[in-house]
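Summary of the model geometry
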Amino acid sequence: MLTAHKTSAFNPAWPLPNGHLETIYPSLFRKVNGLAGRYVRERLELPDGDFLDIDRLTRKASRAVIISHGLEGNSHRAYVTGMARAFEAEGWDVLAWNFRGCSGVMNRFPRFYHSGDTADLLSVVRFAIDACGYEQVVLIGFSMGGNMTLKLAGEAGEGLPREVTGLVAFSVPCDLAASAKKLEKSAFGLYQRRFMRMLKAKIEAKEADMPGTFDLSGLNRMRTFREFDDTFTAPLHGFRDAADYWEKASCLPWLPDIRRPALLVSALNDPFLTESCFPREAARANPCVTLETPKHGGHTGFTQNLSAPVLWSELRALKFAESLQTGTG
């Protein structure tokens, strides 16, 4: 079985000395040229009448990775396209899916997506297996997408489709309440402000598309995830309030039930995460879960060399995915 908790060989690029710069640099400056233009978009109609847009890279391989992006991300973000390029180069097909309303086209209903929304990810998994015919599927998730990935594996347990041979998650806020509270602090406020601008714009766009659906009277005064989730995310998706949503959507309680090899990689200097987001006890108790905690890396950063086209995280995910057939980890 895999080692429950391990350190890492990752070393950050020299000009990136702390978690903030390691987080911000690739987000602002990394370019993955040419790949997104080769995506083939397929629309997956969902049982409830909504849809998901999936961007595929296919060479008709028998194996594929499904990549889940983070909060207000999409399939064209550099951390997604970089991972897609790395796997395609090694002979894997890629399905990079967009959460509801994140593909550039507004989804059909007032609801959109949330951190624990595993049903949509499972629909993509079933599409990959049933419609595309993949014999091996590996799930890869970043931040919110990583939380979804781990939660789905725990919820499904032994019932996860047999074609799903493993999963990799990076920079996961396993404890959503603790992470949200940390991001409210002034030292980390710039991240919350950025996400809040995007979330406010999403709600305004939905109201413009569906007039009368939302009360936007207090939107401009909102500053925190708690305020936004209390007002919009929780009631839209069947939760009592933000606290109820964070508790029920967090992947942390589901880690003991994962029954596929799972690699969780989170940097100790990740500005989004608290100590409770590093589930050491769960990794020790469940032989399927490997927790890897580099000292550096920031939030979905992991830039080892500024001039290298491939990030350390992409190499790490590839090594893990390939190891699922050899058992080397």
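All of the points below concern the structure found in this document. (Residues numbered from 1 in each chain as written. Predicted model: local features only at pLDDT ≥ 70, side-chain atom pairs only at ≥ 80, totals over all residues. Heavy atoms only, no water.)

1. Some points on the overall build of the protein
In terms of regular secondary structure, the protein is built from 10 helices and nine strands. Compactness check: the protein gives a C-alpha radius of gyration of 19 Å against a globular reference of 20 Å for 329 residues, within 12% of the reference. The dimensions of the protein, computed from C-alpha atoms along their principal axes, are 55 × 45 × 40 Å. Scored against the burial criterion, the 329 residues of the protein give a buried share of 59%. Relative to all contacts within the protein whose residues are 6 or more apart in sequence, the contacts with residues 24 or more apart total 78%. Looking at the protein, you have 39 positive and 37 negative side-chain charges, and the mean spots of the two groups are 5 Å apart. (Helix = DSSP H or I, 4+ residues; strand = E, 2+ residues; numbered from the N terminus. Rg over C-alpha atoms; globule rule 2.2 N^0.38 Å. Buried < 20%, exposed > 50% of the residue type's maximum accessible area, 1.4 Å probe, protein only. Contact = heavy atoms within 4.5 Å. Lys, Arg positive; Asp, Glu negative; His and termini not counted. Charge placed at Lys NZ, Arg CZ, Asp CG, Glu CD.)

2. Description of helix H3 (residues 118–131)
Given a rise of 1.5 Å per residue, 14 residues ought to cover 20 Å, and the 19 Å separating the end C-alpha atoms of H3 matches this to within 8%. Gly 133 lies just past H3 and shows a positive phi near 80°. (Expected span 1.5 Å × (residues − 1).)

3. Re the pairing of strand S5 (residues 93–98)
For S5, the tally of buried residues reaches six of six residues, placing the bulk of the element in the interior. Burial along S5 is two-sided: the face carrying Asp 93, Leu 95 and Trp 97 and the face carrying Val 94, Ala 96 and Asn 98 are both buried. Looking at chain direction, strand S4 (residues 63–68) and S5 are connected through five bridges and run parallel. Its bridge partner lying in S5, Val 65 is registered against Val 94. Handedness of the β-α-β unit built from S4, helix H2 (residues 78–89) and S5 comes out right-handed. (Pairing = 2+ DSSP bridges. Right-handed = clockwise from strand over helix to strand, strands pointing away.)

4. Some remarks on the pairing of strand S7 (residues 164–170)
Working note: regular strand, side chains alternate between the two faces of the sheet. Burial runs high along S7: six of the seven residues are buried. Bridge count between strand S6 (residues 136–142) and S7: six bridges; the pairing is parallel. Paired with Leu 139 across the strands is Leu 167, a residue of S7.

5. Observations regarding the environment of Ala 180
Residue placement: Ala 180 occurs in helix H5 (residues 176–184). Taking the C-alpha atoms as reference points, Ala 180 and Val 310, 130 residues apart in sequence, are found 30 Å from one another. Beyond its immediate chain neighbours, meaning those up to four positions away, Ala 180 contacts Gln 192, Phe 225 and Trp 246.

6. So, the nonpolar core
Ranked by internal contacts, the top residues of the largest apolar core, which has 69 residues, are Ile 66, Trp 97, Leu 150 and Phe 225. The residues contacting Ile 66, other than those within four sequence positions of it, are Leu 95, Trp 97, Leu 121, Val 124, Val 125, Ala 128, Val 137, Val 138, Leu 139 and Ile 140. (Core = buried A, V, L, I, M, F, W, Y, C linked by side-chain atoms within 4.5 Å.)

7. Some remarks on the packing of aromatic side chains
Aromatic ring pairs are defined here through the distance separating the ring centres and the angle between the ring planes. Within this structure, the stated rule accounts for 17 aromatic pairs. Measuring from ring centre to ring centre gives 4.8 Å for Trp 97 and Phe 99, while their planes differ by 55°; the resulting arrangement is tilted. For the pair shown, Trp 97 and Phe 99 are each scored as buried. Put simply, the rings of Phe 10, Tyr 79, Phe 142, Phe 170, Phe 302 and Trp 312 pair up and form one aromatic cluster. Over the ring of Phe 51 we find Arg 43, and its NZ or CZ is 3.8 Å from the ring centre. Arg 194 extends its terminal NZ or CZ atom over the ring of Phe 195, reaching a point 5.8 Å from the ring centre. (Phe/Tyr/Trp six-rings, centres within 6.5 Å; stacked < 30°, edge-to-face > 60°. Lys NZ or Arg CZ within 6 Å of the ring centre and 35° of its normal.)

8. Some thoughts on the packing of helix H7 (residues 225–236) against helix H8 (residues 242–249)
Two elements in contact, H7 and H8, have axes separated by 8 Å at closest approach and are oriented at 85°. If you check the angle between H7 and H8, you find them roughly perpendicular. Facing Phe 225, Arg 226, Asp 229, Asp 230, Thr 233 and Ala 234 of H7, the residues of H8 in contact are Ala 242, Tyr 245 and Trp 246. For the contact of H7 with H8, a count of residues per class yields five nonpolar, one polar and three charged. (Axes fitted to C-alpha atoms, helices over the stretch in contact; angles between N-to-C directions. Parallel < 35°, antiparallel > 145°, perpendicular 65-115°, else oblique. Nonpolar A, V, L, I, M, F, W, Y, C, P; charged D, E, K, R; others polar.)

9. Some details on the side chain of Lys 202
Residue placement: Lys 202 occurs in helix H6 (residues 189–209). The exposure class of Lys 202 is buried, given its relative accessible area of 9%.

10. Regarding the state of the cysteines
Counted by the stated rule, this structure contains zero disulfides. The thiol sulfur of Cys 174 is not disulfide-bonded, and the nearest other cysteine sulfur, from Cys 251, lies at 3.8 Å. (Disulfide = S-S within 2.5 Å.)

11. Structural notes on the packing of H6 against H7
The description of two helices packed together rests on the angle between their axes and the distance between the axes. Following both chains from N to C, one finds H6 and H7 inclined at 25°, their axes separated by 10 Å at the closest point. One element, H6, and the other, H7, form an angle in the roughly parallel class. Pair H6 / H7 crosses with left-handed handedness. Across the interface between the two elements, Gln 192, Phe 195, Met 196, Leu 199, Lys 200 and Ile 203 of H6 pack against Phe 225, Phe 228 and Phe 232 of H7. (Left-handed = near helix turned anticlockwise from the far one by under 90°.)

12. Some details on H6
Here H6 contains 21 residues, and its C-alpha end-to-end distance of 30 Å stays within 8% of the 30 Å for a straight helix at 1.5 Å per residue. Buried within H6 are the following residues: Gly 189, Tyr 191, Gln 192, Phe 195, Met 196, Met 198, Leu 199, Lys 200, Lys 202, Ile 203, Lys 206 and Glu 207. The secondary structure elements touched by the buried residues of H6 are helix H1 (19–29), H5 and H7.

13. Some words on the pattern of salt bridges
Counted under the stated rule, the structure contains 23 salt bridges. The partner of Glu 72 in a salt bridge is Lys 202, with the nearest N and O atoms 2.8 Å apart. Here the residue Glu 72 occupies a position in the loop between S4 and H2, and Lys 202 occupies one in helix H6, the gap between them amounting to 130 residues. For Glu 72, a relative accessible area of 10% corresponds to the buried category. Across the pair Arg 162 and Glu 163 runs a salt bridge whose closest N-O atoms are separated by 3.6 Å. What makes Arg 162 exposed here is its relative accessible area of 68%. Three or more residues are tied together by salt bridges with common partners; here these are Arg 41, Arg 43, Asp 53 and Asp 55. (Salt bridge = Lys/Arg side-chain N within 4 Å of Asp/Glu carboxyl O.)

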